[in-house]
Amino acid sequence: MNASFHTPRAYRTLTALCLGAMGLWAYSAKPLIDPGDLPDENRFTKVVLAEKLNEPLEMAILPDERVLLVERHGDVRLYSPITKQLKTIATIPVSTKYKDKEGTETEAEDGLLGVNIDPNFEKNHWVYLYYSPAGATSKNSLTRYELRGDELVLSSKKVLLDVATQREQCCHTGGSIDWDRDGNLYLSTGDNTSPRATLYAPIDERPGRGPWDAQKSSGNTNDLRGKILRIHPEADGTYTIPDGNLFPKGTPNTRPEIYTMGHRNPYRISVDKRNGYVYWGDVGPDAGIDSAGVGPTAEDEYNQARKPGNFGWPYFVGDNKAYNDVDFVSNKSGAKFDPAHPVNDSPNNTGLRDLPPAQPALISYTAAETKKFPLMGSGGRSAMAGPTYYKDDFRNAKRPFPAYYNGKVFMYEWMRDMILAVSFDGKGDMTKMERFLPTMAFSHPIDMAFGPNGDLYVLEYGTGWFLKNDDSRLVRIEFNAGNRKPTIQVAASQTAGAVPLNVKLSSDGTKDFDGDALTYQWTIVSRAGGPKSGNQPVVLTEPNPTFTFQKPGQYKAILTVTDAKGLKDSREVDIMAGNQPPQVTLDVAKGNKSFYFPGQAIAYQVNVTDKEDGSLANGRILPKQVMVQATYQDEANAQPKSEAERSPAGHKFSEATYLSTGQALMEKSDCKACHFTDKKSVGPSFTDVAKRYKSDANAVASLSNKIIKGGGGSWGDAIMTAHPQLATPDANEIVKYILTLSDKKVSSPSLTTQGTYMPKENEKGNLVFRTSYKDKGANGLPPQMAEQVLMLRNPLVALGASNSQSKGITLFKMGTQPYPLVIVLASDTYVQFDQLDLTGIRTMEFAVAVPKAQLIAVGGRIEIRIDSPKGQLLGQTEELVQNTSNDPADLFKPSMAKVTITPTTGQHNLYFVFKNEKAGKSPLFVPATVQFSN
């Protein structure tokens, strides 16, 4: 699935990910297209059909628009466009784990891997699955079943083909199925070789080291692994060999099923049904730097096969960059392999010694930005190939894609969440590649297919590996070629207050993408009833009117916007007139306002005023009526308990600042028109949102983006109205406030409204003070509650917890870890934390790993600066040097570096600047955490 999918071990993951920021340029052999030819991105709509899938891998769109998909643990699932439900219709017993040499059971890539339907499905109802059968036999099987209605008839099983595999120490499965126009089935298989012995070519020929030698599989003409196979299934469950495969039938020491060979992990393939060209993405190895006498930097590949061929692995990568013939016994380097005459003389080879010439990649790219294909940007690598679009195939479709995409191949990057549209000329030569829907968010797309209606279906695996991800989805991308209805934004200057309540209503941000003239109609209605109750609606026709509510009551302000062609849409905001919300403040009397320190008391004070009820100060509001609580973050998200556990642990919130603004911004917005704190309204409750995202390190960024840009699908059919008027920092503050609502661990039922609080020594999470007051209601209206939150960060901070701008680093989220790891790619890069209070901070201590293996990191130092990356230098670490241990388990073991800083007061943007003037473009190190101490 990706370069590091075979194991959760940190050292394996990190060596695969010397990453960076993604670029957006385009490759083109011709001048760039006229931008007018490119369809507006707003004509495409992403519709979420199902979510929270459990490792979905591949899908097939049925002729009636049902979607058949498989999940790695064995579930076969069927989505119905009629019921709009996804249900499990069968469970295939599969093997998904292996035991390592210590006997520890570990997740493998094995499982239910691929699915497709027969070209004559409407007549024979055949479904093909590729999976790792449960049991002691190490193999993967291509099988056929009958789909009868919504039932996968398990008794109809036919085994067409078995691929012998190794399940120890392994990996790289392939598993994609597709067809050509002649009814030939194509199946991809991975090299099934452990990459853990080297970051370069796995060609370990020592006795007993077959699991680490891809010459036994990818480079072996007599083995089905590391190949794309082409067979012709027959009605009786067998198959025949079509003419034109790589090796003619009967050729000694070859398998006639082989169409292409020399693949590492061709995880997703596609066949152009018009010309028979085969496309695939091949997930490459892990070396982050060229190594003299060993081989080149790792690259992923997109490939095209117009005819059978050898694509080089494990001897070559990318455009035939050659590895050296390294002797793993003596650890001496031999000559580079020759792409014109590759030779497999491994003792693990059972096939031909002299191999077909190696074919170069169509597109290849490293983790860093590549000059030839800058559009690929930089980052993690997992290349995959999707379908070719032909408009003539969708003449009667409801929503065909525009002719602009005719003949283009859709390729995609699993790790980088990007989709490419690649163009070719009549000879099959690539002429252009460009981003498809560059601003649309995807969560690790793992399969793509066009449906009969012309829609593009995308299967999103989700963020974490080997997990049932909340952001794993089946989605459909629809194209609208006609008139588009207006997109509406509504806001109110205030949504509650005493009468007379003067409210400015706003439609700012409303637009029509077709440029139509728009008419606006605001309708003010009482929620108490219509004309019979004496409450007549008020209609206003200005885009941004001001209205004064004279009578107490609950109202709706409904905005309807109509375009010149009569297409309309509506949004509304709730307004309560007659009860002024209370005002609550919570303040730390003195000391640091960003961090708490266990065992050091915190002095605080609460104040409450309410127009109708009075105040704490005048005694009309009693202290017992005010709730004051101190809570800690869930243990699952707590900081590590020892230095050895600091990498890659962390805490939940991206920024632990004094959150005096989050609640205030919430009250000023229209959020509560659709959300309540603890119960569902039009949208989910804030508490439910907080619970869902409490372990998501990217929650602040993703939810802020949704608040500003709008969206839907995460909570059913409800649409989140966009709020373009909100600045990103304000949206961040609102989200951070919402996320505090997941805390359940209360230190006491209620604290006093003024006093001191002693943080507990054994608590490792963030400390959240929350105070609230619910008024008594007024004028027959229900009570209103106001809250104020103060969040103090644990002084042990994961560097991956930053949600601010950073430069030259990559973040990688692994498994259930609450925060991503930071990998420093070059000198003069940094991680930024916004507005941290440094009052009283005297020292900072860093936990940093400098892995030595294959020169993946070279070391350096960390500078501590404020206000800008070149701002005042508060201190810096001593030189950080490489780990000298040869034990792989110690590869990313952190060492500690303590810095005494120049005393500083107040809040500042804090920059950890990474330096090594001699490093060139080499990665430096992996900083895990920083401990702030006073």
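Reading the values: rules and limits
- Residues numbered from 1 in each chain as written.
- Predicted model: local features only at pLDDT ≥ 70, side-chain atom pairs only at ≥ 80, totals over all residues.
- Heavy atoms only, no water.
- Helix = DSSP H or I, 4+ residues; strand = E, 2+ residues; numbered from the N terminus.
- Buried < 20%, exposed > 50% of the residue type's maximum accessible area, 1.4 Å probe, protein only.
- Contact = heavy atoms within 4.5 Å.
- Areas by Shrake-Rupley, 256 points an atom, 1.4 Å probe, with all protein chains shown as cover.
- Pairing = 2+ DSSP bridges.
- Axes fitted to C-alpha atoms, helices over the stretch in contact; angles between N-to-C directions.
- Phe/Tyr/Trp six-rings, centres within 6.5 Å; stacked < 30°, edge-to-face > 60°.
- Core = buried A, V, L, I, M, F, W, Y, C linked by side-chain atoms within 4.5 Å.
- Salt bridge = Lys/Arg side-chain N within 4 Å of Asp/Glu carboxyl O.
- pLDDT = per-residue confidence, 0-100.

### A few points about the overall build of the chain
Helix and strand counts for the chain stand at six helices and 59 strands. Here the chain, with 934 residues, has 60% of them falling under the buried criterion. Long-range contacts, defined as pairs at least 24 residues apart, comprise 66% of the intrachain contacts of the chain with a sequence gap of at least 6. For the chain, the exposed surface amounts to about 36,400 Å²; the carbon and sulfur share of it is 50%.

### Quick notes on the sheet that holds strand β18 (residues 266-271)
Taken in spatial order, the four strands of this open sheet run β18-β19-β20-β24, and their pairing is antiparallel. Two strands in the sheet have a free side with no partner beyond their single neighbour: β18 and β24 (363-365). Averaged over all pairs of adjacent strands, the angle between their axes in this sheet comes to 15°, without regard to strand direction. Examined bridge by bridge, strand β20 (residues 300-305) and β24 share three bridges and lie antiparallel to one another. Residue Y302 lies in a different strand from β24, and its bridge partner there is I363.

### Concerning the packing of aromatic side chains
Throughout the structure, instances matching the rule amount to 38 aromatic pairs. Taking the centre distance of 5.2 Å and the plane angle of 70° together, the rings of Y128 and W179 count as edge-to-face. Placement of the pair is Y128 in strand β10 (residues 126-131) and W179 in strand β13 (residues 174-179), with a sequence separation of 51 residues. Residue Y128 is classed as buried on the basis of its relative accessible area of 0%. On the numbers, 5.4 Å between centres and 15° between planes, the contact of Y389 with F394 is stacked.

### Things to note about the nonpolar core
Counting residues in hydrophobic clusters, the biggest one holds 81 residues, and the most contacted among them are F401, F410, F436, L474 and I477. Beyond its immediate chain neighbours, meaning those up to four positions away, F436 contacts F44, F401, Y405, F410, I419, L420, A421, L456 and I477. Of all hydrophobic cores here, the second largest spans 32 residues; its members include V824, L838, V848 and L874.

### Side note on the environment of I841
Assignment of secondary structure puts I841 in the loop between β53 (829-837) and β54 (843-849). You can call I841 buried: its relative accessible area is 0%. A sequence separation of 64 residues divides I841 from T905, and the C-alpha atoms of the two residues are 8.5 Å apart. Setting aside its immediate chain neighbours within four residues, I841 contacts N592, F595, F597, I901, F932, S933 and N934.

### Focus on the sheet that holds strand β55 (residues 861-866)
Strands in a sheet are paired, the pairing made by backbone hydrogen bonds, and the direction either parallel or antiparallel. The strand order across the open sheet formed by four strands is β53-β58-β55-β56, and the pairing between neighbours is antiparallel. Whereas interior strands pair on both sides, the edge strands pair on one side only; in this sheet they are β53 and β56 (872-876). For this sheet the average axis-to-axis angle between neighbouring strands, irrespective of direction, equals 25°. Pairing of β55 with strand β58 (residues 907-915) involves six bridges; the strand directions are antiparallel.

### Quick look at the pattern of salt bridges
Under the counting rule described, the total for this entry stands at 43 salt bridges. Between E55 and R72 there is a salt bridge, with its nearest N and O atoms 2.7 Å apart. Here R72 lies in the loop between β4 (67-71) and β5 (75-80) and E55 lies in the loop between β2 (44-51) and β3 (56-61), a separation of 17 residues in the sequence. Summarising the burial analysis for this pair, E55 and R72 share the class buried.

### Re the pairing of β13
Of all six residues making up β13, six are buried, and the element is well covered by its neighbours. Relative to strand β14 (residues 185-189), β13 is paired through four bridges, and the arrangement is antiparallel. Looking at the pairing, I177 lines up with L187 of β14. With antiparallel pairing between neighbouring strands as the criterion, β13 and β14 make up a hairpin whose turn holds five residues, including G183 at a positive phi of roughly 80°.

### Describing unusual backbone geometry
A cis geometry characterises the amide bond from W313 onward to P314, with omega recorded as 10°. For P314, the position within the fold is in the loop between β21 (309-310) and β22 (316-317). Of the consecutive residues V499 and P500, the connecting peptide bond is found in the cis state with omega at -5°. Relative to the helices and strands, P500 resides in the loop between β33 (496-497) and β34 (501-506). Notably, N253 is not glycine yet its phi reads approximately 60°, a positive angle. Structurally, the position occupied by N253 is in the loop between β16 (239-240) and β17 (258-261). For L437, which is not a glycine, the phi torsion comes out positive at approximately 50°. If you trace the backbone, L437 turns up in the loop between β28 (430-436) and β29 (445-450).

### Observations concerning the environment of L796
With respect to the secondary-structure elements, L796 resides in strand β50 (residues 796-798). On the basis of relative accessibility, which here comes to 5%, the residue L796 falls in the buried class. Separated by 49 residues in the primary sequence, L796 and E845 place their C-alpha atoms 9.1 Å from one another.

### What about helix α4 (residues 686-693)?
In an α-helix there are 3.6 residues to a turn, and that puts residues three or four apart on one side. A large share of α4 lies buried, amounting to six of its eight residues. Here α4 has its buried residues at F686, T687, V689, A690, R692 and Y693.

### Some points on the confidence of the model for the chain
In this model, the chain carries a mean pLDDT of 85, and residues with pLDDT of at least 70 account for 84%. Between residues 1-36, whose pLDDT stays under 50, and residues either more than four places distant or in other chains, the model counts 139 contacts. Scored below 50 in pLDDT, residues 634-661 shows 115 contacts in the model against residues more than four places distant or in partner chains.

### Considerations on the pairing of strand β6 (residues 85-91)
Pairing analysis gives six bridges linking β5 to β6, with the strands arranged antiparallel. Bridge pairing in β6 links R77 to T88.

### Quick notes on the side chain of K408
Mapped onto the elements, K408 comes out in the loop between β25 (383-388) and β26 (409-413). You can call K408 buried: its relative accessible area is 5%. In this structure, K408 is in contact with P387, T388, Y389, A421, V422, S423, K432 and E434, ignoring residues within four places of it in sequence.

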